[in-house]
Amino acid sequence: MSGGRPLPLRLRFLAGGAGGLLLLALPLLSVLRLAPVRGASMEPTLQAGQWLFYEALPAWLLDARRGDLVVFRSPMSPGHHYVKRVVGLAGDELRFEASRLLVNGLPQRLPEGAVPDGLTLSTRVPQGHFYAIGDHGSVSYDSRRFGAVACTQLIGRVLWPLP
């Protein structure tokens, strides 16, 4: 209806300034999740009992990159979620040997202990999948045991751990 009375100053402020920011922030707040770290598989990067924030987005919106810490549904235990480090993307050739990881022939920087002594493994990551490992390789149950993970199992990317 045109020609009506102008909005009071407070309502104009809410509609334009802070209110507009709040409306923009609500979708962002709805994708942030807080979760506890359970177990030692990501030590020394994440410690058991520590809390972390992750962004929960539909898998098709997530663009996992090598080195990202991600949350995904366990391919072996329905209802369980894992936090691991992405080390391989679709088409990558991975080779674990001599306590290091080579991706497409290039050595990767990983936390000490991520590749246990004596592990020898070669694999290619299939299309539509990623390869994720824990930073504490000798105790982590990860892609080295259950294989590449379908991208549709991605839940989110870790934004930051809390002390």
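Residues numbered from 1 in each chain as written. Predicted model: local features only at pLDDT ≥ 70, side-chain atom pairs only at ≥ 80, totals over all residues. Heavy atoms only, no water.

Asks: Help me out: how do you make sense of the overall build of the chain in this one?
Replies: The secondary structure content of the chain amounts to three helices and 11 strands. What you see in the chain, going N to C, is helices and strands ordered as α-α-β-β-β-β-β-β-β-β-β-α-β-β. Expressed as a percentage of the 163 residues in the chain, the buried residues total 33%. A separation of at least 24 residues holds for 55% of the contacts in the chain among residues at least 6 apart in sequence. (Helix = DSSP H or I, 4+ residues; strand = E, 2+ residues; numbered from the N terminus. Buried < 20%, exposed > 50% of the residue type's maximum accessible area, 1.4 Å probe, protein only. Contact = heavy atoms within 4.5 Å.)

Asks: What should I look at first to understand the sheet that holds strand β7 (residues 106-107) in this one?
Replies: Strands pair in a sheet through their backbones, by hydrogen bonds, and they do so in one of two ways: parallel or antiparallel. In spatial order, the strands read β7-β6-β5-β8; together these four strands make up an open sheet with antiparallel pairing. Bordering the open sheet on either side are β7 and β8 (121-124), each of which pairs with just one other strand. Across four bridges, strand β5 (residues 93-97) lies against β8 in antiparallel orientation. Within the sheet, the bridge partner assigned to L94 lies in β8 and is T123. (Pairing = 2+ DSSP bridges.)

Asks: How do you make sense of the environment of G118 when you look at a structure like this?
Replies: Take G118: it is sitting in the loop between β7 and β8. Separated by 22 residues in sequence, G118 and F96 have C-alpha atoms that sit 9.2 Å apart.

Asks: I'm lost on unusual backbone geometry in this one. Help?
Replies: Most of the time, phi is negative for any residue but glycine, and the peptide bond is trans. Residue P44 is reached from E43 by a cis peptide bond, and omega for that bond is 10 degrees. With respect to the helices and strands, P44 occurs in the loop between β1 (32-36) and β2 (51-56). Unlike most non-glycine residues, N104 shows phi in positive territory, near 55 degrees. By the element assignment, N104 lies in the loop between β6 (100-103) and β7.

Asks: When you look at the side chain of K84 in this model, what are you seeing that I'm missing?
Replies: Here K84 lies in strand β4 (residues 81-89). Of the side chains with opposite charge, D142 lies nearest to the buried K84, which makes no salt bridge, at 5.2 Å. Side-chain polar atoms of K84 contact the side chain of S41, separated by 2.9 Å. Those residues within four positions of K84 in sequence are excluded, and the remaining contacts are S41, M42, D68, L69, V70, F72, A132, I133, G134, S140, Y141 and D142. (Lys, Arg positive; Asp, Glu negative; His and termini not counted. Salt bridge = Lys/Arg side-chain N within 4 Å of Asp/Glu carboxyl O. Polar contact = N/O pair within 3.5 Å; in protein donor to acceptor, adjacent residues only side chain to side chain.)

Asks: I tried to follow the pairing of β6 on my own but got confused; where do I start?
Replies: Along any regular strand the residues' side chains alternate between the sheet's two faces. Alignment of β5 against β6, held across four bridges, turns out to be antiparallel. Paired with E97 across the bridge in β6 is R100. Remark: two residues form the turn of the hairpin made by β5 and β6, two consecutive strands paired antiparallel; A98 in that turn has positive phi of roughly 50 degrees. Of the pairings in the sheet, the one linking β6 to β7 comprises two bridges and is antiparallel in character. Looking at β7, one finds that L102 is bridged to P107.

Asks: Explain the side chain of D68 here, please?
Replies: In this structure, D68 sits in the loop between β2 and β3 (69-73). On the basis of relative accessibility, which here comes to 11%, the residue D68 falls in the buried class. There is a polar contact of 2.9 Å between the side chain of D68 and the backbone nitrogen of R65. Among the polar contacts listed, one links the side chain of D68 to the side chain of R157, at a separation of 3.0 Å.

Asks: What am I meant to see in the pattern of salt bridges here?
Replies: When the charged atoms of two side chains lie near each other, side chains of opposite charge can form a pair. A full pass over the atoms with the stated rule returns seven salt bridges. D135 is paired through a salt bridge with R85; the nearest N and O atoms lie 2.7 Å apart. Of this pair, D135 sits in the loop between β9 (129-133) and α3 (143-146) while R85 sits in strand β4, and the two are 50 residues apart along the sequence. Taken as a pair, D135 and R85 share a single burial class, namely buried. Through salt bridges that share partners, E55, D68 and R157 make up one connected network.

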